[in-house]
Structure formats: structure tokens, C-alpha cells
Amino acid sequence: APAHHLLVSAGRCPLDLEQELRASYRRLFEARGASRLELVESRFRSVARPSLLRIPARAAQALQRELRSCYAEFSFSPASAGLPPDHITAQLHFVACLLELAAGTGPDMVRGMQRLPAYVRDRLLLWLPVLRGEVAARPEGRFFAMVLVIAEARARAVEREFSLFATRLTSCAQPVG
């Protein structure tokens, strides 16, 4: 069945679809035990995976401190203040903040453009593809896998485009002669 089957099921009540999505979300991300997939990078990476470097507990705390410091540098506060700084929604929200800065003018624009590609590459794209693969492997994960496919594709495009901008900004700032 196509991944978007939940959205295009003819004759289905939208409330039934919403309940089905909520149930799928709970099974994927709120279940107890080994079947749960984490949406917090440090927790997701605390489990050994062949394609992803494992983070021990003490490194997880360092990662969260690093992200808080990075966020503070840009006066960023995640919309969901109760979430850990390495939760996927906080990371995506920070990318949106950097994109907004990059769309502006002046020194904030330059800072946003310079930070954006490295943040996307070194944080988001480090674990998002692995999460997407694990979500896609679950029967109840089809809809959420498509959301992650879109997020990953946009992140890759942002990283690629803003890497070019950052390189040009750096070369323009180099003294001549």
C-alpha cells in the first residue's frame, strides 16, 4: 500500500484517520520497551546501530549543553520549552530560526547563513536518515516516514545551498593581496 494511504482513503472519516495516526504515533514513539523509537537524538543514539555512532550517557549531557549554548548564541528558545534541546522538533525549529535569520539583512543574516549548513549536516542529517529508515521499516510508520522523508530532503537541500553561500561569504571576506 502507498505510504500516503492514511490520507487518501476514500470514504474514511477524518476523525477516524486522526485516531489511527495518534495510535500509530503512540506505538512508534511512546511505547514502552525496545520497540519505542526515540525522537531525542541522544536517546536515539544511545542504542548501538551499525550506521550511527553510539553516544554514551555522559556524552549525551555534553551534547545537550552544546545545543543549549548554540541556541543561546542565537537567542533561540524552542517553542516546546519542556523538550530536550536535541529533540527533533527543537532541532527543526532551530533550523527554521536560522533560515529566518539568513533571510534578513546585516550581521544576523551572515551568522545565520554561516551556521546553518554545519548545524544541519552535523546535527540533523547525522541521525535523521537512520530514524527515517527505522520508522519506515514499521508497518505503522508509513505516514511518519513520509514526513521524515520530506524533512530529510529539505535538510539536504538547505545544507547544500547554504554551504555554497557560506563558502562565498567566507571568500568575499578574505583580504585581497
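Our subject is the structure listed above.
Reference entry: report on the structure contained in this document. Remember, it's a predicted structure, so these values are computed and weren't measured experimentally.

## A word on the nonpolar core
Of all hydrophobic cores here, the largest spans 41 residues; its most connected members are Phe94, Tyr119, Leu131 and Val135. Looking at this core, the elements with two or more residues in it are helix H2 (14–30), helix H4 (57–73), helix H5 (88–102), helix H6 (106–136) and helix H7 (142–173). With 11 residues, the top contributor of residues to this core is H6. Those residues in contact with tyrosine 119, other than ones at most four positions away along the chain, are Leu67, Cys70, Tyr71, Gln91, Phe94, Val95, Leu98 and Leu124.

## As for unusual backbone geometry
The phi torsion at serine 75 lies on the positive side, around 55°, for a residue other than glycine. Turning to its location among the elements, serine 75 is positioned in the loop between H4 and H5.

## Observations regarding the side chain of histidine 87
Along the polypeptide, histidine 87 turns up in the loop between H4 and H5. If we skip the residues at most four places from it in the chain, histidine 87 touches Leu39 and Val40.

## A few points about the packing of H5 against H6
Interaxial distance between H5 and H6 falls to 8 Å at its minimum, and their mutual angle equals 155°. Looking at the two axes, H5 sits roughly antiparallel to H6. For H5 against H6, the interelement crossing comes out left-handed.

## A short note on the pattern of salt bridges
What the rule picks out here adds up to 13 salt bridges. In this structure, glutamate 18 and arginine 22 form a salt bridge, with 2.7 Å as the shortest nitrogen-oxygen distance. With glutamate 18 and arginine 22 both in helix H2 and 4 residues apart, the pair spans about one turn of that helix. A relative accessible area of 35% means that glutamate 18 is categorised as partly exposed. In this structure, glutamate 134 engages arginine 49 in a salt bridge whose closest nitrogen and oxygen atoms are separated by 2.4 Å.

## Details of H5
In this model, H5 (15 residues) spans 21 Å end to end at C-alpha, consistent with the 21 Å of a helix rising 1.5 Å per residue. Those residues of H5 that fall on the buried side of the exposure criterion are Ile88, Ala90, Gln91, Phe94, Val95, Cys97, Leu98 and Ala102.

## Considering the state of the cysteines
Applying the stated rule across the entire model yields 0 disulfides. In this model cysteine 70 remains outside any disulfide bridge; the closest cysteine sulfur is found in cysteine 97, 9.4 Å from its own. On the basis of relative accessibility, which here comes to 9%, the residue cysteine 70 falls in the buried class. Under the relative-accessibility criterion, cysteine 97 is labelled buried at 18%.

Analysis parameters
- Residues numbered from 1 in each chain as written.
- Predicted model: local features only at pLDDT ≥ 70, side-chain atom pairs only at ≥ 80, totals over all residues.
- Heavy atoms only, no water.
- Core = buried A, V, L, I, M, F, W, Y, C linked by side-chain atoms within 4.5 Å.
- Buried < 20%, exposed > 50% of the residue type's maximum accessible area, 1.4 Å probe, protein only.
- Helix = DSSP H or I, 4+ residues; strand = E, 2+ residues; numbered from the N terminus.
- Contact = heavy atoms within 4.5 Å.
- Axes fitted to C-alpha atoms, helices over the stretch in contact; angles between N-to-C directions.
- Parallel < 35°, antiparallel > 145°, perpendicular 65-115°, else oblique.
- Left-handed = near helix turned anticlockwise from the far one by under 90°.
- Salt bridge = Lys/Arg side-chain N within 4 Å of Asp/Glu carboxyl O.
- Expected span 1.5 Å × (residues − 1).
- Disulfide = S-S within 2.5 Å.

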